[in-house]
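Now for the letters of each chain:
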Amino acid sequence: MKYRKLGDLQVSEISFGTWAIGGAWGRVDERDALDGLAAAIDAGVNFFDTADVYGDGRSEELLAKATESRKHDIYIATKFCRAGDIHDPATYSEPSVRRYLEGSLRRPRRDFVDLYQIHGPPIDILRDGAVFEVLGKLQAEGKIRYYGVSVETVEEGLLCLRDPGVRALQVIYNVFRQKPEEELLPKAQAQGVGILARLPLASGLLTGKFTPDHRFEPDDHRSFNENGKQFNVGETFAGLGFAKGVELADKLRWIGEGRGNMTRAALRWILDNEAVTCAIPGFKNRRQVEDNLAAIDVPSFSAEERARLRRFYEDEVLPHIRGAY
C-alpha cells in the first residue's frame, strides 16, 4: 500500500467509500460487507469514507464492527446534513451539527471523527460560511480532527478553498468527469487541501461490465436516480444517461490493455494525478476490494494516453453530462 498526506495523516491512496454497503446500491449481505472491510484493512487500507445517511447509519455501524480493535490505526471520514433539510440554515446551526456529530460518534464508537464533511450543501450555505465557524469550534474542542466539504461543482469547491480551516474536498473525479483538474485540483494542492475522488468508476460504468439491457435492483439508486429524481443527477453515472454511459465506456476498453482490466485502469488514471489524496471506490464484497486494490501496481498512463483521454472527454463525454458540474 502507498500513502499520501491528508493534514498530518498518511492515508492509503486507495481507500474505500461505504455508500454501497450501507444501502441504495442493491442488497449487500453484512457478512460480505465485513469480509470486504477486513480484506481492505489487511491490505493496508487505513481510511474509510461514510455518512450518517448511508443506510440510516448502517455504514457507520459496520465500520464500528470492522475497526473495533484498531481504532487508532484506521481513520474514518463521515458526513452530515442530508438527514435534515439541506436548504434550511438551521440544519447547519451549532445545536443541529452537534446532534449529527453525536450520532456519528456513537455509531462508529469513536471519541472523535478524523474528517467531518458537509454533505453536498447548497452553495448559499457555503457562501454564508457560518457552518465553518461551527466546525472550527468542534475542532477546537477535539471532537473532530479535520473538517471538509463534499461538493457537487467546481465553483463550490473553489468557494470552500477560501476558508482556511477546510482541510479536504470530496469531488466527483474520473475519466468521465475531468473538469476538476483544470483549476480546482491544482489550487487545492497548492493550499495543502486533500482531495478525495469519489465515484471513481462512475457508478460502475468504468468497470466495463454493463450492457445496455442491464437492469438494476429496485432499491439501487442506479435504477431510480438515473435522471436525478431523488438527488443530483451527477451522483449517478457521472451525470450521463445509462445507455450513453455504456456506449462511451465501450470506447474506452483500450485503457485496460496491459493493466488487467478497465477497473484498475480507471483507478490508476486518478492516482496518476498527484493532487489527489485518495480514490474512494465503493464495494460490496472481498472480490471487488481486491480488484480495486490491484490498481496500485498497474502501469501509469503516458502523457500521450492522458492527452487522448482528454480529447475523448472534451469531444464525446462533456456534451452529454447533465446536472451541476
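Residues numbered from 1 in each chain as written. Predicted model: local features only at pLDDT ≥ 70, side-chain atom pairs only at ≥ 80, totals over all residues. Heavy atoms only, no water.

A.B. asks: Outline the side chain of serine 15, supporting the account with residue identities and numerical values.
C.D. replies: On the secondary structure map, serine 15 appears in the loop between strand 2 (9-12) and strand 3 (16-17). With relative accessibility at 0%, the residue serine 15 sits in the buried group. Looking at serine 15, its side chain comes within polar contact range of the main-chain oxygen of phenylalanine 47, at 3.4 Å. (Helix = DSSP H or I, 4+ residues; strand = E, 2+ residues; numbered from the N terminus. Buried < 20%, exposed > 50% of the residue type's maximum accessible area, 1.4 Å probe, protein only. Polar contact = N/O pair within 3.5 Å; in protein donor to acceptor, adjacent residues only side chain to side chain.)

A.B. asks: Account for unusual backbone geometry, naming residues and giving values.
C.D. replies: For arginine 109, which is not a glycine, the phi torsion comes out positive at approximately 60 degrees. Considering the arrangement of structural elements, one finds arginine 109 in the loop between helix 4 (94-106) and strand 6 (113-119). Here phenylalanine 237, not a glycine, exhibits a phi torsion of approximately 55 degrees, which is positive. Turning to its location among the elements, phenylalanine 237 is positioned in the loop between helix 9 (221-224) and helix 10 (242-250).

A.B. asks: Outline the pairing of strand 6, supporting the account with residue identities and numerical values.
C.D. replies: Buried residues dominate strand 6, accounting for seven of its seven residues. As paired strands, strand 5 (residues 75-80) and strand 6 are joined by four bridges and run parallel to one another. Its bridge partner being in strand 6, alanine 77 is matched across the sheet by leucine 115. For strand 6 and strand 7 (residues 144-150), the ladder comprises six bridges, and the chain directions are parallel. Counterpart to glutamine 117 in the pairing with strand 7 is glycine 148. (Pairing = 2+ DSSP bridges.)

A.B. asks: Any details on the sheet that holds strand 3? Residues and values, ideally.
C.D. replies: Read from one edge to the other, the open sheet built from eight strands follows the order 3-4-5-6-7-8-9-10, with strand pairing classed as parallel. This sheet does not close on itself; its edge strands, each paired only once, are strand 3 and strand 10 (278-279). The strands that helix 4 touches are strand 5, strand 6 and strand 7; relative to strand 6, the one it contacts most, it runs at about 130 degrees. (Contact = heavy atoms within 4.5 Å. Axes fitted to C-alpha atoms, helices over the stretch in contact; angles between N-to-C directions.)

A.B. asks: Can you lay out helix 12 (residues 286-293) for me, pointing to particular residues and giving the numbers?
C.D. replies: Along helix 12, the positions that sit buried rather than exposed are Gln288, Val289, Asp291, Asn292 and Leu293. Those residues of helix 12 hidden inside the fold are in contact with strand 3, helix 2 (30-42) and helix 11 (262-271). Its side-chain oxygen at 3.2 Å from the backbone nitrogen of arginine 287, asparagine 285 defines the N-terminal cap of helix 12.

A.B. asks: Describe in detail the packing of aromatic side chains, supporting the description with residues and values.
C.D. replies: The full count for this structure, using the stated rule, is twelve aromatic pairs. When the ring of phenylalanine 80 is compared with that of tyrosine 116, the centres are 4.7 Å apart and the planes differ by 20 degrees; the resulting orientation is stacked. Of the two residues, phenylalanine 80 sits in strand 5 while tyrosine 116 sits in strand 6, which places them 36 residues apart along the sequence. When sorted by exposure, phenylalanine 80 lands in the same class as tyrosine 116, which is buried. Pairing phenylalanine 132 with tyrosine 147 gives two aromatic rings, centres 6.2 Å apart and planes at 25 degrees, and the pair type is stacked. Here the residue phenylalanine 132 occupies a position in helix 6 (residues 130-140), and tyrosine 147 occupies one in strand 7, the gap between them amounting to 15 residues. (Phe/Tyr/Trp six-rings, centres within 6.5 Å; stacked < 30°, edge-to-face > 60°.)

A.B. asks: Talk me through the environment of valine 151; I want residue IDs and the actual numbers.
C.D. replies: Note that valine 151 resides in the loop between strand 7 and helix 7 (154-160). When residues no more than four places from it in sequence are discounted, the contact partners of valine 151 are Glu156, Gly157, Cys160, Leu169, Gln170, Val171 and Arg198.

A.B. asks: Got a sec to walk through the pattern of salt bridges? Specific residues and values, please.
C.D. replies: Note that side chains of opposite charge can pair when their charged atoms are close. Scanning all chains against the criterion turns up 30 salt bridges. Between glutamate 152 and arginine 198 there is a salt bridge, with its nearest N and O atoms 3.5 Å apart. Of this pair, glutamate 152 sits in the loop between strand 7 and helix 7 while arginine 198 sits in strand 9 (residues 194-198); the two residues are 46 residues apart in sequence, bridging distant segments of the chain. When its relative accessible area of 13% is taken as the criterion, glutamate 152 is described as buried. For arginine 198, a relative accessible area of 6% gives the class buried. With its nearest N and O atoms 3.7 Å apart, the salt bridge here joins glutamate 181 to arginine 306. (Salt bridge = Lys/Arg side-chain N within 4 Å of Asp/Glu carboxyl O.)

A.B. asks: Give a description of the state of the cysteines that names residues and reports values.
C.D. replies: One pass over the structure, following the stated rule, counts zero disulfides. Not part of a disulfide, cysteine 81 finds its nearest cysteine sulfur in cysteine 160, a span of 12 Å. Under the relative-accessibility criterion, cysteine 81 is labelled buried at 0%. Looking at the unpaired cysteine 278, the closest cysteine sulfur is the one in cysteine 160, lying at 17 Å. (Disulfide = S-S within 2.5 Å.)

A.B. asks: Provide a residue-level description of the packing of helix 2 against helix 3 (residues 58-67), including the pertinent values.
C.D. replies: Running from amino to carboxyl end, helix 2 crosses helix 3 at an angle of 55 degrees, the nearest separation of the two axes being 10 Å. The angle between helix 2 and helix 3 places the two elements in the oblique class. Between helix 2 and helix 3 the crossing geometry is right-handed. Residues Glu30, Ala33, Leu34, Leu37 and Ile41 of helix 2 form the contact with helix 3, whose participating residues are Arg58, Leu62, Leu63, Lys65, Ala66 and Thr67. (Parallel < 35°, antiparallel > 145°, perpendicular 65-115°, else oblique. Left-handed = near helix turned anticlockwise from the far one by under 90°.)

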